[in-house]
Amino acid sequence: MSIPAESLPIGVASERAPNGRGWSSTSAFVLAAAGSAVGLGNVWKFPYIAGEYGGGAFVLVYLVCVVVIGLPILMAEIALGRRGGHSPIHAFGRLSAQEGHSKHWRMIGWMGLVGTLLLLSFYSVVAGWSLSYLWYALSGQLFAIAADAVSPAEHMSNLFDGLLADPIELILGHSLIMALTIAVVGKGVRGGLERAVRGMVPGLLILLVGLVGYAAVATDQFAAAATFLFQPDFSALTGHAVLVALGHAFFSLSVGMTAMMAYGSYLDQKASVAGASVAIAGVDTVVALLAGLAIFPIVFAHGLAPGSGPGLLFVTLPIAFSEVSGGAIVAALFFLFLAMAALTSTISVLEPITEYLEQRFHRSRAMATGMAGTMIWALGLGSVFSFNLTKEVQWFGLNFFDLLDFVTSHVLLPLGGLLIALYAGRILSKEALTSELNMGDGYLFKTWRILLRYVCPPSVGIILIYNLL
Ligand code: TRP
């Protein structure tokens, strides 16, 4: 007979850790969670939205959003995950049952599950682009401009358009990313996730520092890029930009979809949730800023515009690379860095789904990962085709890819964040929170709780309403 998860005792996560199911140490957890946070959001999206919304002032608003809204919710997610000790859906059920609240709070877990499924299906397709570009750089296609007899700019946009128009190539990249993700997650928390991030996270940080160094040495635009990113010009700031900054803080910190809860459920009871959260948010933010400092000097040195949108990495940057010495090697290293950053995120998105299937259907990890991964891979084909075969098929004026992006990033992510803030700030008892955070009842704890109760819900509520309208 199986025992309903709700009736299992609290604290199982800490008992699980020693027998090899949880993270082997707090630093392993921080590395994995930082790997989750650092992804396409930092390297691809942050620089292009910072470019679009005018630089410095946007960056400043983003930093405020990370500290005041993202960080408190990140702490709440990790604390809820650890206290629940099981997959997010089970965790909400158990935590609520313990304190006599409605079991319907499990809905937050269900939303997270659906959200992560949808998110990974299209995230993996974009991550696949980085593999295609890594291949273009290694094989020389990226700079084979003479053969085309057109300008570098035209060549680069042809190359990008050509990639999007070719379903086979997109499927190849998407499949490779999903296969690698399944292979890692299938091996479990220690044998898979932890081993992967121990190699990849330091590796990608070293690559990034090298790329920033290159941008500083190979161009004379480093100061200009720093000014662009750090000197706020508030006249360029719009209300819309503020909402974009807040939404991106969620996406970049991986909060709002219970992914961090799943990672937290494997965390040892002794670890400091606040300390780990600050480290995770710190690494994530530093990486986003360094990515800007690696990209913009090169872009500026070639007189190109920072506000070129999603094509910044795949069109604008390669144009710049094609004109600098050693550009081919640097481009290859850059896309390798991008692929690694994406992979340490995709594994964190597959983990909560796997954890749920494992616990709900008592399946082996390999089986649970395979099932979830295959489903997501198939769903991803919808996004692949929306760039070519089914381009014209639209819902509310959006194709399949844009629709999934809208539903996850603009609806489910803020809605999940809002509900998590309400749950941790207002539903769960203060005693449960203090005992879980083990940081006492001092002013740090009080500030955190005030942010969670009074600052996060209204501000996240506003973006949600704005996005829906
Ligand atoms: N944070 C990742 C990035 O910046 C994306 C990501 C990973 C994510 N896991 C998540 C986003 C969970 C939301 C929820 O690319």
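Here, the structure is the one placed above.
Cut-off values and rules
- Residues numbered from 1 in each chain as written.
- Predicted model: local features only at pLDDT ≥ 70, side-chain atom pairs only at ≥ 80, totals over all residues.
- Heavy atoms only, no water.
- Helix = DSSP H or I, 4+ residues; strand = E, 2+ residues; numbered from the N terminus.
- Rg over C-alpha atoms; globule rule 2.2 N^0.38 Å.
- Buried < 20%, exposed > 50% of the residue type's maximum accessible area, 1.4 Å probe, protein only.
- Contact = heavy atoms within 4.5 Å.
- Areas by Shrake-Rupley, 256 points an atom, 1.4 Å probe, with all protein chains shown as cover.
- Lys, Arg positive; Asp, Glu negative; His and termini not counted.
- Charge placed at Lys NZ, Arg CZ, Asp CG, Glu CD.
- Axes fitted to C-alpha atoms, helices over the stretch in contact; angles between N-to-C directions.
- Left-handed = near helix turned anticlockwise from the far one by under 90°.
- Nonpolar A, V, L, I, M, F, W, Y, C, P; charged D, E, K, R; others polar.
- Near = heavy atom within 4 Å.
- Polar contact = N/O pair within 3.5 Å; in protein donor to acceptor, adjacent residues only side chain to side chain.
- Core = buried A, V, L, I, M, F, W, Y, C linked by side-chain atoms within 4.5 Å.
- Patch = residues over 30% accessible without salt bridge, like charges linked within 9 Å, V, L, I, M, F, W, Y side chains within 5 Å.
- Salt bridge = Lys/Arg side-chain N within 4 Å of Asp/Glu carboxyl O.
- Expected span 1.5 Å × (residues − 1).
- Phe/Tyr/Trp six-rings, centres within 6.5 Å; stacked < 30°, edge-to-face > 60°.
- Lys NZ or Arg CZ within 6 Å of the ring centre and 35° of its normal.

Student: Can you explain the overall build of the protein? Please cite residues and give values.
Tutor: The helix and strand inventory of the protein stands at 20 helices and 0 strands. The C-alpha atoms of the protein give a radius of gyration of 22 Å, which matches the 23 Å a tight globule of 469 residues would have. With the principal axes as the frame, the protein shows a C-alpha extent of 70 × 45 × 45 Å. Looking at the protein as a whole, 58% of its 469 residues are labelled buried. In the protein, of all internal contacts separated by at least 6 residues, the share reaching a separation of at least 24 is 81%. With an accessible surface of roughly 17,300 Å², the protein has 69% of that area assigned to carbon and sulfur atoms. Each charge class in the protein can be summarised by its mean position, and for the 22 positive and 25 negative side chains these summaries are 17 Å apart.

Student: Tell me about the environment of E358, and name the residues and values.
Tutor: Turning to its location among the elements, E358 is positioned in helix 16 (residues 327–361). In contact with E358, not counting residues within four places along its chain, are R21, R363, S364, R365 and A368.

Student: If you had to explain the packing of helix 4 (residues 56–84) against helix 14 (residues 273–301) to someone new, which residues and values would you point to?
Tutor: The geometry of helix 4 relative to helix 14 is characterised by a closest axis approach of 9 Å and an angle of 145° between their N-to-C directions. Here helix 4 runs over helix 14; the crossing is right-handed. Facing V59, Y62, L63, V66, L71, L74, M75, I78, A79 and R82 of helix 4, the residues of helix 14 in contact are V273, A274, S277, V278, I280, A281, D284, T285 and L289. For the contact of helix 4 with helix 14, the residue count by class is 15 nonpolar, 2 polar and 2 charged.

Student: Outline the site of the ligand, listing residues and values.
Tutor: Near the ligand there are 17 residues, and of these A37, G41, Y123, F251 and S254 occur at the shortest range. Contact between the ligand and L40: an oxygen atom at 3.1 Å from a main-chain N or O atom of the residue. For the ligand, an oxygen atom lies 2.8 Å from a polar atom in the backbone of G41. Elements supplying a minimum of two residues to the shell around the ligand: helix 2 (26–37), helix 3 (40–52), helix 6 (106–139), helix 12 (239–253) and helix 16. Taken together, the residues that form the shell around the ligand break down as 9 nonpolar, 8 polar and no charged.

Student: Kindly report on the nonpolar core, identifying the contributing residues and their values.
Tutor: Counting 163 residues, the largest nonpolar core has W23, F29, I73 and W129 as its most contacted members. Among all residues touching W23, those that are not within four sequence positions of it are A28, F29, A32, V189, R190, L193, E194, Y263, Y266 and L267.

Student: Explain a nonpolar patch on the surface to me, using residue names and the numbers behind them.
Tutor: Residues L60, V64 and F234 make up a contiguous nonpolar surface patch of about 280 Å² in total accessible area. When you line up the elements, F234 lands in the loop between helix 11 (222–230) and helix 12.

Student: Any chance you could break down helix 8 (residues 152–165) for me, citing the residues and the numbers?
Tutor: Here helix 8 spans 20 Å end to end across 14 residues, near enough to the 20 Å set by a 1.5 Å rise per residue. Listing the buried residues of helix 8 in full gives H155, M156, L159, F160, L163 and L164.

Student: I'd like to hear about the pattern of salt bridges, residue by residue, with values.
Tutor: Per the counting criterion, the structure on display carries 7 salt bridges. E351 serves as the salt-bridge partner of R365, at 2.8 Å between the closest nitrogen and oxygen. Of this pair, R365 sits in helix 17 (residues 365–385) while E351 is found in helix 16, placing the two residues 14 residues apart along the sequence. Each member of the pair R365 and E351 is classed as buried. Across the pair E358 and R365 runs a salt bridge, and its minimum N-O distance is 3.6 Å. In the salt-bridge network here, residues are joined through shared partners; they are R82, R83 and E436.

Student: Account for the environment of L138, with residues named and values stated.
Tutor: Here L138 shows up in helix 6. Sequence separation of L138 and Y266 is 128 residues, and the distance between their C-alpha atoms is 39 Å.

Student: Mind laying out the packing of aromatic side chains, listing which residues take part and the relevant values?
Tutor: For the coordinates displayed, the defined rule picks out 30 aromatic pairs. A ring pair is formed by W105 and Y423, whose centres lie 5.2 Å apart and whose planes are at 65°; its orientation type is edge-to-face. Residue W105 is found in the loop between helix 5 (88–98) and helix 6, and its partner Y423 is found in helix 18 (residues 400–427); the two are separated by 318 residues along the sequence. Using a relative accessible area of 22% as the deciding quantity, one classes W105 as partly exposed. Residue classification places Y423 among the buried positions, given a relative accessible area of 0%. The ring of F251 has K45 lying over it, and the distance from NZ or CZ to the ring centre is 5.3 Å.

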